[in-house]
Amino acid sequence: MSKGVGGQHKTQKALAKQFKKMQQVFQNNNWQEVIRIGNVLAVHEECLPEIADMVGMAYLNRLEWEKASHWLQLTDKRKKKNPADYYWLLGMAESKQKHYVKACEFFTLAEKHQDSYTGELRQAFLADLWTQHAAAQLVCGECKEAAMNYHRASQYAVTLRDRCQMYASWLMMRHNIEEPWQGLVKDSVGINEILKDAKPYTHEKHPVHDKLRIGYISPDFRNNVMFYFAYQLLAGHTRNDFTIYAYYCGYIEDGFTEDIKQASDEWRHVADWSYEEIAKQIYEDEIDILVDLAGHSAYSGLPAMAWKPAPIQISGLGYMSTTGLRTVDYLLTDEACNPMGKTSQLIEQPLYLSSMFCYTGRIDVPEPQGTPCLQNGYITFGVFNRYQKVTDEMLQAWNFILQKVPKSRLLFKGEAFGDALLTDRVYHRLQALGFDMESILFENASADYMERYLDVDIALDTYPYTGGGTTCDALYMGVPVVARYGENQGARFALSVLKAAGLEDLAVETVEAYCEKAIALASDKVLLDALHKNLRNMVMRSRLMDTRNYVAEVEAAYRRIWDDYRDKEVSAIGLHCDG
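Peer 1: How would you explain the pairing of strand 12 (residues 481-484) if you had to name every residue and give the values?
Peer 2: Two faces make up the sheet, and in a regular strand the side chains alternate between them. On strand 12, burial covers both faces: V481 and A483 on one face and V482 and R484 on the other are all buried. Inspection of the sheet shows strand 11 (residues 458-460) paired to strand 12 by two bridges, in the parallel sense. Across the sheet, the residue bridging to A459 is V481, located in strand 12. Viewed along the sheet, the connection from strand 11 through helix 20 (residues 469-476) into strand 12 turns out right-handed.

Structure below.
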């Protein structure tokens, strides 16, 4: 008996020693060793709460989200100590696994326990919580709620970068919601108040270079939809006349990043820099014309323009409205997005091109073979736009189209449908609107995204936030896109793309015309087949993919506004001397 007690004592002593070692390696951030010891000790229930908490945190730091969620929920130790932090951590773990519905539930619980923090810690906690909650709500299609949380986060954010990014996200989310453009323009101008302490550079002594120095700033010089528009600008420039500087605000570097590096004369990776530091570098690089390619998109470098580091500043391509920033001089656009005489939505001067976009086609995708309905015996409509763009109004229109086209099906494809709970929620949303659910297919985002267009007869665009990249991708894969356009610039992107591709007739102004267009196209199998077989060649010969003329037009615009700037500078100097 005494021998058994002695053996038990030795075991407990060994466990205590191991547990102490685990605490030490936890303090030293040796996560792999924490996990190793934790798994050995976890079989002894008497120390499970402390072990589970440390192992859960170790997995979080290793970005192993599923395991982190599992271990953290084995114990209520952290929940008792700080429930807000506990639920926030679980929300993050679920969000990283793309379990957005579950993440929202945990974030809601975290907010209910916000009193776990006080003072400045509470402010910082809420700013981060609302940011993460908004991101999850967005994927779930809860756009109004996401916009509200981004706005609250911008008001509570501690750093200038966070305030700018959350305010920008608030503006961006508003494009998913149909509202009068005047309110969005007014709120866009609010970015100037956030950046009011920026002291703009002056350029009276700006040197004249043999070649114009053009700076492009973006967070999307990587595998991103904007790469397929930005690349033409950088790679196509006339090197005898222009020197190209690229300022990368993103964190991920891949083969696409390398392509941008090769297309640039100078490369600056500025992701971890402050906006003021970015502006200082641009100023020291003596950039003549600075072009922002992201607007109010995530991780944008747009706020650096508040310091006016270049004499001429332009924004365009990556955002669908005015920036509102008064130090931005021009906005790249076209008449489809911003009709002449109707530019009161812009703070900037419109810099018109024949087409705002120039699309880069892919060489790693198959050739379109013809409309699939001829083999299937039914029409397949496709919506590959992000789910947050899907409104009840458009769902009702799509349901009407399905009812008028016998045996037709509708394929939804996107990140939202990788979350089983969210997919179930969407299923019931459509069911409540009267859809025949046997005609509906849901599919997660996948690497063969482009190839999946080959199974679609007609793509249906969203509204009021229309498609840009998805519209181009569909056309390139031979799939006609039926689109609707409105008054706001963001509701006219698809019109711009279709007009540049020579397919303006596929864009209409009312929901009734939208339905009629889709139904008529579905009934003409001969036309559909011809479009599927010929659209790619048509698009490649159109303005939408005419790199040479697009870049020539952009360069001519750059020279024109630079000459105008120099003439004004000379005139100003003359007036000063006369005075």
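Peer 1: So what's going on with unusual backbone geometry? Residues and values would help.
Peer 2: Following Y463, the chain continues into P464 via a peptide bond in cis, with omega recorded as 10°. Along the chain, P464 turns up in the loop between strand 11 and helix 20. A positive phi angle, near 55°, is found at E286, a position not held by glycine. Turning to its location among the elements, E286 is positioned in the loop between helix 15 (275-284) and strand 4 (289-292). Relative accessible area serves as the criterion here: at 29%, E286 is assigned to the partly exposed category. Despite not being glycine, K308 shows a phi value in the positive range, around 50°.

Peer 1: Quick one: what's the story with the packing of helix 6 (residues 83-96) against helix 8 (residues 119-139), residue by residue and with numbers?
Peer 2: The N-to-C vectors of helix 6 and helix 8 enclose an angle of 30°; their axes lie 11 Å apart at closest approach. If you check the angle between helix 6 and helix 8, you find them roughly parallel. Note that helix 6 runs across helix 8; the crossing there is left-handed. Contacts between helix 6 and helix 8 involve A84, W88 and M92 on the former and, on the latter, F125, D128, L129 and Q132. Split by residue class, the contact of helix 6 with helix 8 holds five nonpolar, one polar and one charged.

Peer 1: How would you explain the sheet that holds strand 7 (residues 349-352) if you had to name every residue and give the values?
Peer 2: Read from one edge to the other, the open sheet built from seven strands follows the order 3-2-1-4-5-6-7, with strand pairing classed as parallel. Each edge of the open sheet is held by one strand with a lone partner, namely strand 3 (266-269) and strand 7. Between one strand and the next, the sheet's axes are offset by a mean angle of 25°, whatever the strand orientation. Bridge count between strand 1 (residues 212-218) and strand 4: four bridges; the pairing is parallel. Note on strand 4: the bridge partner recorded for I214 is I289.

Peer 1: Help me get a handle on the packing of aromatic side chains, residues and values and all.
Peer 2: In the structure shown here, the tally under the stated rule is 29 aromatic pairs. Ring centres of W130 and Y156 lie 5.0 Å apart, and the angle between their planes is 75°; on these two criteria the pair is classed as edge-to-face. In this pair, W130 sits in helix 8 while Y156 sits in helix 9 (residues 143-156), placing the two residues 26 residues apart along the sequence. On the basis of relative accessible area, W130 is assigned to the buried category, the value being 4%. Owing to a relative accessible area of 30%, Y156 belongs among the partly exposed residues under this scheme. Three or more aromatic residues joined by ring pairs form one cluster here, namely F229, F357, Y359, Y476 and F493. Taking the ring centre of Y228 as reference, the NZ or CZ of R362 above it sits at 4.2 Å.

Peer 1: Account for the sheet that holds strand 8 (residues 380-383), with residues named and values stated.
Peer 2: Strand order in the open sheet formed by six strands is 10-9-8-11-12-13, and the pairing between neighbours is parallel. Only two strands of the sheet have a single neighbouring strand rather than two, namely strand 10 (440-444) and strand 13 (507-508). Across four bridges, strand 8 lies against strand 9 (residues 409-414) in parallel orientation. Considered in strand 9, the bridge of F381 is made with L410.

Peer 1: Talk me through the environment of S300; I want residue IDs and the actual numbers.
Peer 2: Note on placement: S300 falls in the loop between strand 4 and strand 5 (312-315). Once the C-alpha coordinates of S300 and L121 are considered, the two residues, 179 residues apart in sequence, prove to be 27 Å apart. Within polar-contact distance, the side chain of S300 engages the backbone oxygen of G295 at 2.7 Å.

What counts, and where the lines are drawn
Residues numbered from 1 in each chain as written. Predicted model: local features only at pLDDT ≥ 70, side-chain atom pairs only at ≥ 80, totals over all residues. Heavy atoms only, no water. Buried < 20%, exposed > 50% of the residue type's maximum accessible area, 1.4 Å probe, protein only. Helix = DSSP H or I, 4+ residues; strand = E, 2+ residues; numbered from the N terminus. Pairing = 2+ DSSP bridges. Right-handed = clockwise from strand over helix to strand, strands pointing away. Axes fitted to C-alpha atoms, helices over the stretch in contact; angles between N-to-C directions. Parallel < 35°, antiparallel > 145°, perpendicular 65-115°, else oblique. Left-handed = near helix turned anticlockwise from the far one by under 90°. Contact = heavy atoms within 4.5 Å. Nonpolar A, V, L, I, M, F, W, Y, C, P; charged D, E, K, R; others polar. Phe/Tyr/Trp six-rings, centres within 6.5 Å; stacked < 30°, edge-to-face > 60°. Lys NZ or Arg CZ within 6 Å of the ring centre and 35° of its normal. Polar contact = N/O pair within 3.5 Å; in protein donor to acceptor, adjacent residues only side chain to side chain.

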